[in-house]
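Here are the chains, one letter per residue:
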Amino acid sequence: MTRVLYPGSFDPVHNGHLEIIETAAKLFDEVVVATMVNTTKDGVFDLNDREAMLREATEHLPNVTVRMFAGLVVDLASEMEADFILKGLRAVSDFENELQMAQMNNAASGIHTLFIPSASSSSFLASKFIRDFTRFGGDISKMVPESVARRLRERYV
Ligand code: PNS
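All of these numbers come straight from a predicted model, not from anything done at the bench.

(A) Up close: the site of the ligand. Around the ligand, 13 residues are found, and the nearest of them are Ser9, Val37, Asn38, Lys41 and Val73. At 2.6 Å, a side-chain N or O of Lys41 approaches an oxygen atom of the ligand. In the model, an oxygen atom of the ligand is placed 2.9 Å from a nitrogen or oxygen of the Val73 main chain. Among the elements that line the shell around the ligand, the one with the most residues is helix 4 (residues 92-109), at three residues.

See the structure below:
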C-alpha cells in the first residue's frame, strides 16, 4: 500500500490543486492532503478554514483524507508513515523552489518528493490571483469549487 503526503498552503484550494489530488487518488492507495504554514506567504484563511474547504472539495474521493499541520513537512511525513511527498508543478518557475525543498526534505529525512505536472488548462491558477480577483469583483466561479467561491465571497464581498 502506498501512502503519499500532498502538502501546501491551499489558501484557498483551487481547481489546479484538485486536479493534482484527483490524479494522485488514482495513482496511490492513500493520499493525505495537509494544509500547512508557508512562512514566505501571508495567510488569509486560517488553517481551520483551509482544512474545511479542502474537506468539502475532496469528499467525493474515498482514499483522500485532509488535515492541517503547523510544523515541518518531514515531521508530518514521518508521523503518518508516508512513502512519498507529492507536489504539483505548474511551470518552470515553480521548479527551482520545489527542487530545493525536495532536496532539503530528502537530506533531512530521506523521503523523496514526486512531482505531478498540472494540465495546461489549470497551470495559470494561483490562490493569490484568485483572492485578488474576488476582492476586486472578478469571476472566479470556474476556478474554484463552489464551496470555496462561497467562502471567498463571504470574506471579500
Ligand atoms: O502551496 P505552497 O505555499 O507552495 O506550499 C509550501 C509548503 C507549505 C509545502 C512549505 O512552505 C512547507 O513545507 N511548509 C512547512 C514547513 C516546512 O517543512 N518547511 C521546510 C521546507 S524545506
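What follows continues from the structure just given.
(B) Main features of helix 1 (residues 15-27). With 13 residues, helix 1 extends 18 Å between its outermost C-alpha atoms, agreeing within 8% with the 18 Å of an ideal straight helix rising 1.5 Å per residue. All of the buried residues along helix 1 are Gly16, His17, Leu18, Glu19, Ile20, Ile21, Ala24 and Ala25.

(C) Seen up close, the side chain of Arg131. Locating Arg131 in the fold gives a position in helix 5 (residues 127-135). Given a relative accessible area of 16%, Arg131 falls into the buried group.

(D) Geometry of the packing of aromatic side chains. Taken as a whole, this structure holds two aromatic pairs when the rule is applied. Taking the centre distance of 5.2 Å and the plane angle of 75° together, the rings of Tyr6 and Phe10 count as edge-to-face. Per residue, the accessibility class of Tyr6 equals that of Phe10, and both read buried.

The rules we used
- Residues numbered from 1 in each chain as written.
- Predicted model: local features only at pLDDT ≥ 70, side-chain atom pairs only at ≥ 80, totals over all residues.
- Heavy atoms only, no water.
- Near = heavy atom within 4 Å.
- Polar contact = N/O pair within 3.5 Å; in protein donor to acceptor, adjacent residues only side chain to side chain.
- Helix = DSSP H or I, 4+ residues; strand = E, 2+ residues; numbered from the N terminus.
- Expected span 1.5 Å × (residues − 1).
- Buried < 20%, exposed > 50% of the residue type's maximum accessible area, 1.4 Å probe, protein only.
- Phe/Tyr/Trp six-rings, centres within 6.5 Å; stacked < 30°, edge-to-face > 60°.

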